[in-house]
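Spelled out from the first residue to the last, the chains are:
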Amino acid sequence: MEEKIKSSVRKLKIGYVLFWIIPALLIVAFETDLFPVGVYADDQAMQYRWETASILLTIVVVPVSLKYFNVILKKKNRSFVYFECYQSI
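Remarks on the overall build of the chain
Link 1 in the chain: Scanning the chain from N- to C-terminus turns up 3 helices and 0 strands.
Link 2 in the chain: Counting from the amino terminus, the chain carries its helices and strands in the arrangement α-α-α.
Link 3 in the chain: Every one of the 89 residues in the chain was classed for burial, and the buried ones make up 2%.

Observations concerning helix H1 (residues 2–31)
Link 1 in the chain: Look at H1: 44 Å from first C-alpha to last across 30 residues, which is about the 44 Å you get at 1.5 Å a residue.
Link 2 in the chain: Just downstream of H1 lies Asp33, where phi reads positive at about 60°.

Let's talk about the packing of aromatic side chains
Link 1 in the chain: Summed over all chains, the structure comprises 2 aromatic pairs.
Link 2 in the chain: Seen in terms of ring centroids, Tyr16 and Trp20 are 6.5 Å apart; in terms of plane orientation they differ by 75°. Their pairing is edge-to-face. Highlighted residues: Tyr16 and Trp20, both in helix H1, separated by 4 residues, approximately one helical turn.
Link 3 in the chain: The class of Tyr16 is exposed, set by a relative accessible area of 54%.
Link 4 in the chain: With 5.1 Å between their ring centres and 85° between their planes, Phe19 and Trp20 make a pair best called edge-to-face.
Link 5 in the chain: The exposure class assigned to Trp20 is exposed, which follows from its relative accessible area of 51%.
Link 6 in the chain: Here the aromatic cluster, defined as three or more aromatic residues joined through ring pairs, consists of Tyr16, Phe19 and Trp20.

Some words on the confidence of the model for the chain
Link 1 in the chain: Residues with a pLDDT of 70 or more make up 87% of the chain, whose mean pLDDT is 85.
Link 2 in the chain: By mean pLDDT, the top-scoring element of the chain is H1 (93), and the lowest-scoring one is helix H3 (residues 83–86) (55).

Digging into unusual backbone geometry
Link 1 in the chain: Even without a glycine there, the phi angle at Asp33 is positive, about 60°.
Link 2 in the chain: On the secondary structure map, Asp33 appears in the loop between H1 and helix H2 (44–79).

Criteria and cut-off values
Within every chain, residues take consecutive numbers counted from 1 along the sequence as written. Per-residue local features are limited, in this predicted model, to residues with pLDDT of at least 70; the limit for side-chain atom pairs, both in listing and counting, is 80 or more; totals at the level of whole chains, interfaces and linings are taken over all residues. By convention in this description, side-chain values take in all heavy atoms of the structure and omit both hydrogens and water. The helix and strand labels rest on DSSP assignments: H or I over at least four residues marks a helix, E over at least two residues marks a strand, and numbering proceeds from the N terminus. Burial classes: relative accessible area under 20% of the type maximum marks a residue as buried, over 50% as exposed, and values in between as partly exposed (1.4 Å probe, protein chains only). To estimate the expected span of a helix, subtract one from its residue number and multiply by 1.5 Å. Paired rings are identified among Phe, Tyr and Trp, the last through its six-membered ring, by centres lying within 6.5 Å, and are further divided according to the angle between planes into stacked (under 30 degrees), edge-to-face (over 60) and tilted (the rest). Confidence scores labelled pLDDT are given residue by residue by the predictor and lie between 0 and 100.

Encoded structure:
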């Protein structure tokens, strides 16, 4: 059990460090012109591709996340006794 906790804490620490490192690296990359800003700003075809990809991603992710939420809700309801809250009334 303690090994799982240590593993989880280590993963959380790595995630926390990456949360700050990645934006800092992006800031440095854009400020030093390593990544050019606005390369696809005037490209209508690229704008169409990005908008289409984001719409398709939304169409896929929303139903999947709702289905996953339903699965989690069913798991929690199995362990919950419904009449337990009504006995105190």
